[in-house]
Amino acid sequence: MTPPASSPHPALSNPDIVHSIFAQLSPLPPTLAALWRGDELLETVRSPEVVLLRTTLKKAALACRAFAGPASDALWSVLHIGFAPLFYTFKGFKIIVEEDPQVSHYGDLFGSPYTVHHVSVLIQSCSGPYRILTKFVAFQVLEGEVHADDWERWELCARRVRCFVYADYLGWQYEDPFLSILLTRARDITRPIFPNLLAFSARESQGIAQRRVLLRALAHSPGLSAVLFRQHLPGPFLGTLVDDIAMLLEGQEATGSCLRHLSIKSSYQAIHVVLPLKWFRRLRTVVVSPASAPLYRYLLPQLGALKELETLVVAIDDDPSSVVRLAEKRMAGLDKYPPGGDANSDAYKLRGGFCALRRLSVDGMHSDIEELLRKINSTVLQDIAIFSVQDTNSDIVALVQPLGAERISTSLRKLYLSLTTEFPLVASGADTIHVAFADIFRSLRHLRALENLEVMSWNRVLSISDDDVRDMATSWPLLRRLTITSDSKDNYRTHDMWTPYAPHISRPSLLAVTSLAEGCRDLISVSMDVADMSDSELETLETHAAAAGIEPQTRLMHLVVARDEHFMRLSLPDIDRLAGALRRLFPSLEGPGESSNDWRTRMRPLKHWWTEEQRQTAAYRLMEKFNE
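Residues numbered from 1 in each chain as written. Predicted model: local features only at pLDDT ≥ 70, side-chain atom pairs only at ≥ 80, totals over all residues. Heavy atoms only, no water.

(A) The overall build of the chain, seen in detail. In terms of regular secondary structure, the chain is built from 25 helices and 20 strands. Within the chain, the fraction of its 628 residues that count as buried is 49%. When contacts within the chain are restricted to residue pairs at least 6 apart in sequence, those whose partners lie at least 24 apart make up 78%. Roughly 29400 Å² of accessible area belongs to the chain as shown, and the carbon and sulfur atoms make up 53% of that amount. (Helix = DSSP H or I, 4+ residues; strand = E, 2+ residues; numbered from the N terminus. Buried < 20%, exposed > 50% of the residue type's maximum accessible area, 1.4 Å probe, protein only. Contact = heavy atoms within 4.5 Å. Areas by Shrake-Rupley, 256 points an atom, 1.4 Å probe, with all protein chains shown as cover.)

Written as structure tokens, this is what we have:
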């Protein structure tokens, strides 16, 4: 007997519901969120999560007619590999792949960098320590005329595009010949290339006429709110970047759009080009990385005067040779847009600047960062990430002092500190190898709203006592994640003065750490090096865990008691008994995971982070017991 055919749920016949369902699978929200945060856009559009979304939408669009439109709308919302997918709407468009013997290359297993021209496919053949790498060249060809029905298909897809990524796509070199067709069409019909574009990422035009026309066309998108300029090839931004930014203002004035998010990133050289951000008074996100020291000083008053600025990500170039060289070189565009005019204003002096700032990420010398922190007058700042380079231990203490200011302490939820302190002063005996955590904690203890704290100290050991840990529980009652680590750069690790286990350097006991976790009832994760544990301390912990009236702390999931070389040195008593006592106090504890999804979903440590030798240690076996 043939079973009756199943009918679809009535809700699937409602186009609004179907569109809403597929909108939840759109890659647009995570892409825009990455752009607004100042994250790497290419990493986002190629992440496993976004790739899975695109694959799902593609299959859904091919599944049935009812799904084709809504799934395609979501799929095309992010065009992340240039114009290439749109060219397929032209019937005469083809890609011809040919082997090119001129670019065959002999190299070792990894090969040295190639000079690649119009190459989209790389085939590796042969075996052994040397491989013959045969290259194929891909040519894009458009045969015949472009007809009205071709443009109709083009415009259907183009209307779906909300975010266009062009900056990191190498193929734009061989798309250039096709751009004239697209730009002529856009000019003739007086409509933007992408009528519903919200954000785009592009390279600097470099004064090339056709690329300037393309950027102008993108800048005239009526809904444009986010732009990323990216220089991912060797070489600096040129002065034409200033003119490219001017086109954004021109487009904003012509269409009535409002730019809210502007990112400018260089992968190789510091940005030493004037950026007149004061044109865009409603910016919410600004990313400049890395900025030359003169550019940073030029930008600072403009940034402080942006009344709606919520996210600031800035890296200040701290390479000594670069600082000296660029300090003597006039910034491109300074003649057109000098910093004068605001020099005597309160905004320039930054009285009450950055009043709406919610997230700050700053990388540079401690003196520049300390100055910036003192000028921030926001009462809603929730997230700070600092990547600092300093000379001495006293510089570390001075750096964190502004964080204790009342205007910051009442709102700050998340704090990340990466502190790189120069090692030569230790090697010469002029500075100590350790920093007392109490000296840093003195400024941080007022952060009563703090939920996440991560401190990474390079070339200095953070000396932490049991009293310091007890004060953490008192000062940060809302703490959810705590990570404190110390390490040395590889070239200093074998130095005679790198003595992280000197007698005067303290590490907290495991008893103190468990007491912290019990006191902070929302604590999910703790990672810090602890001191060796004795049999008597184990007995104390077991007695406490078995005592009547002890309420388990059910939120703690991850307890890491050693990092890096400390794994090889930490001494722990009977692992089975210790794991049993800890599980009674913290029943949700789990050990290292196997899948990267464990880290993405709940920041669970992964097994492959530890070497085979470290997995044989007592500290690692303790974590494995949490999985049993």
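(B) Broad picture of the pairing of strand 12 (residues 359-365). By the bridge criterion, five bridges tie strand 11 (residues 311-316) to strand 12 in an arrangement that is parallel. Note that in strand 12 the partner of Leu312 across the bridge is Leu360. Of the pairings in the sheet, the one linking strand 12 to strand 13 (residues 383-390) comprises seven bridges and is parallel in character. Along strand 13, the bridge assignment pairs Gly364 with Ser388. Read as a crossover between parallel neighbours, the route from strand 12 over helix 14 (residues 366-375) to strand 13 is right-handed. (Pairing = 2+ DSSP bridges. Right-handed = clockwise from strand over helix to strand, strands pointing away.)

(C) Structural context of the pattern of salt bridges. Applying the stated criterion to the full structure yields 21 salt bridges. Between Glu590 and Arg604 there is a salt bridge, with its nearest N and O atoms 3.8 Å apart. A residue pair is termed long-range when its members are at least 10 positions apart, and Glu590 in the loop between helix 23 (575-585) and helix 24 (596-602) and Arg604 in the loop between helix 24 and helix 25 (618-625) qualify at 14 residues. Just as Glu590 is buried, Arg604 falls in that class too. Taking the shortest distance from any N to any O, the salt bridge between Glu594 and Lys607 comes out at 3.9 Å. With a gap of 13 residues between them, Glu594 in the loop between helix 23 and helix 24 and Lys607 in the loop between helix 24 and helix 25 connect regions that are remote in the sequence. Taking the relative accessible area as the measure of exposure, Lys607 reaches 28% and is therefore partly exposed. What emerges from the salt-bridge pattern is a single network uniting Lys91, Asp149, Asp150 and Arg153. (Salt bridge = Lys/Arg side-chain N within 4 Å of Asp/Glu carboxyl O.)

(D) How the structure looks around the packing of helix 15 (residues 393-400) against helix 18 (residues 437-444). Here helix 15 crosses helix 18 at 15°, and the two axes come no closer than 8 Å. When the axis of helix 15 is compared with that of helix 18, the two are roughly parallel. Note on packing geometry: the crossing formed by helix 15 with helix 18 is right-handed. Contacts between helix 15 and helix 18 involve Ile396, Val397 and Val400 from the former and Asp439, Ile440, Ser443 and Leu444 from the latter. Residues of the contact of helix 15 with helix 18, tallied by class, amount to five nonpolar, one polar and one charged. (Axes fitted to C-alpha atoms, helices over the stretch in contact; angles between N-to-C directions. Parallel < 35°, antiparallel > 145°, perpendicular 65-115°, else oblique. Left-handed = near helix turned anticlockwise from the far one by under 90°. Nonpolar A, V, L, I, M, F, W, Y, C, P; charged D, E, K, R; others polar.)

(E) A look at the layout of surface pockets. Quantified by volume, the largest pocket comes out at close to 1700 Å³. If you go around the largest pocket, you meet 50 residues; those closest to its centre are Lys414, Tyr416, Glu454, Trp599 and Met603. Tallied by class, the residues present in the lining of the largest pocket amount to 20 nonpolar, 14 polar and 16 charged. (1 Å grid on protein atoms, 1.4 Å probe; cavity = no way out; pocket = protein on both sides within 12 Å on 5 of 7 lines; lining within 4 Å. Points joined across faces, edges and corners; volume = space filled by probe spheres on them.)

(F) Main features of the side chain of Thr485. With respect to the helices and strands, the residue Thr485 is situated in strand 18 (residues 481-487). The contacts of Thr485, once residues within four sequence positions are left out, are Val455, Met456, Ser457, Leu462 and Arg563.

(G) Quick peek at a negative patch on the surface. Together, Asp318, Asp319, Asp363, Asp391 and Glu422 line one region of the surface with negative charge. Residue class for Asp319 comes out partly exposed when judged on its relative accessible area of 35%. (Patch = residues over 30% accessible without salt bridge, like charges linked within 9 Å, V, L, I, M, F, W, Y side chains within 5 Å. Lys, Arg positive; Asp, Glu negative; His and termini not counted. Charge placed at Lys NZ, Arg CZ, Asp CG, Glu CD.)

(H) Just the nonpolar core, in detail. Core analysis: the biggest nonpolar cluster contains 138 residues, and Phe83 and Phe194 have the highest contact counts within it. Formed by 12 residues, the second largest nonpolar core is a distinct cluster that contains Leu32, Cys163, Ala199 and Leu228. (Core = buried A, V, L, I, M, F, W, Y, C linked by side-chain atoms within 4.5 Å.)

(I) Region of the structure containing the environment of Ala502. Position of Ala502 relative to the elements: it lies in the loop between strand 18 and helix 20 (510-519). By relative accessible area, Ala502 is classed as buried at 11%. Residues Ala502 and His434, spaced 68 residues apart in sequence, show a C-alpha to C-alpha distance of 9.4 Å.

(J) Spotlight on empty space enclosed by the protein. This model, assessed by the stated rule, comprises four cavities of 30 Å³ or more. Within this model, the largest cavity holds a volume of roughly 230 Å³. Lining the largest cavity we find 19 residues, and of these Val461, Thr485, Ser486, Arg507 and Asp529 sit closest to its centre. Secondary-structure elements contributing two or more residues to the lining of the largest cavity are strand 17 (461-463) and strand 18. The leading source of residues in the lining of the largest cavity is strand 18, at four residues. When its residues are assigned to classes, the lining of the largest cavity shows nine nonpolar, four polar and six charged.

(K) Structural detail: the pairing of strand 7 (residues 199-202). Residues of strand 7 alternate between two faces, with Ala199 and Ser201 on one and Phe200 and Ala202 on the opposite face, all of them buried. Remark: the strand 7/helix 9 (residues 209-219)/strand 8 (residues 226-231) crossover connection has right-handed handedness.

(L) Quick peek at the packing of aromatic side chains. With the rule as written, the count across this model stands at 16 aromatic pairs. For the pair Phe90 and Trp151, a centre-to-centre distance of 5.2 Å together with 75° between the ring planes defines the contact as edge-to-face. Here Trp151 lies in helix 7 (residues 148-160) and Phe90 lies in the loop between helix 6 (84-87) and strand 2 (93-99), a separation of 61 residues in the sequence. For Phe90, a relative accessible area of 3% gives the class buried. Seen from their ring centres, Trp151 and Trp154 are 5.9 Å apart, and the 80° between their planes marks the pair as edge-to-face. Remark: Trp154 and Trp151 occur in helix 7; sequence separation between them is three residues, near one turn of the helix. For Trp151, a relative accessible area of 9% corresponds to the buried category. By relative accessible area, which is 5% here, Trp154 ends up buried. One aromatic cluster is present, formed by Phe83, Phe87, Phe90, Trp151, Trp154, Phe164 and Phe194 through successive ring pairs. (Phe/Tyr/Trp six-rings, centres within 6.5 Å; stacked < 30°, edge-to-face > 60°.)

(M) Spotlight on a nonpolar patch on the surface. A cluster of nonpolar residues, Trp599, Met603 and Trp609, forms a patch on the protein surface that exposes about 300 Å² of accessible area. Relative to the assigned elements, Trp599 resides in helix 24. Judged by relative accessible area, which is 36%, Trp599 ranks as partly exposed.

(N) Structural detail: the packing of helix 20 against helix 21 (residues 535-546). Axis separation between helix 20 and helix 21 bottoms out at 11 Å; the angle between their running directions is 25°. In this view, helix 20 runs roughly parallel relative to helix 21, as classed from their interaxial angle. Facing Leu511, Thr514 and Glu518 of helix 20, the residues of helix 21 in contact are Glu537, Thr540, Leu541 and His544. Class assignment for the residues of the contact of helix 20 with helix 21 results in two nonpolar, three polar and two charged.

(O) Spotlight on helix 7. Compared with the 18 Å implied by 1.5 Å per residue over 13 residues, the 19 Å span of helix 7 between its first and last C-alpha is a close match. Among all positions in helix 7, only Asp150, Trp151, Trp154, Glu155, Cys157, Ala158 and Arg160 are buried. (Expected span 1.5 Å × (residues − 1).)

(P) Representation of unusual backbone geometry. Residues Ser289 and Pro290 are joined by a peptide bond in cis, for which omega reads -15°. On the secondary structure map, Pro290 appears in strand 10 (residues 285-291).

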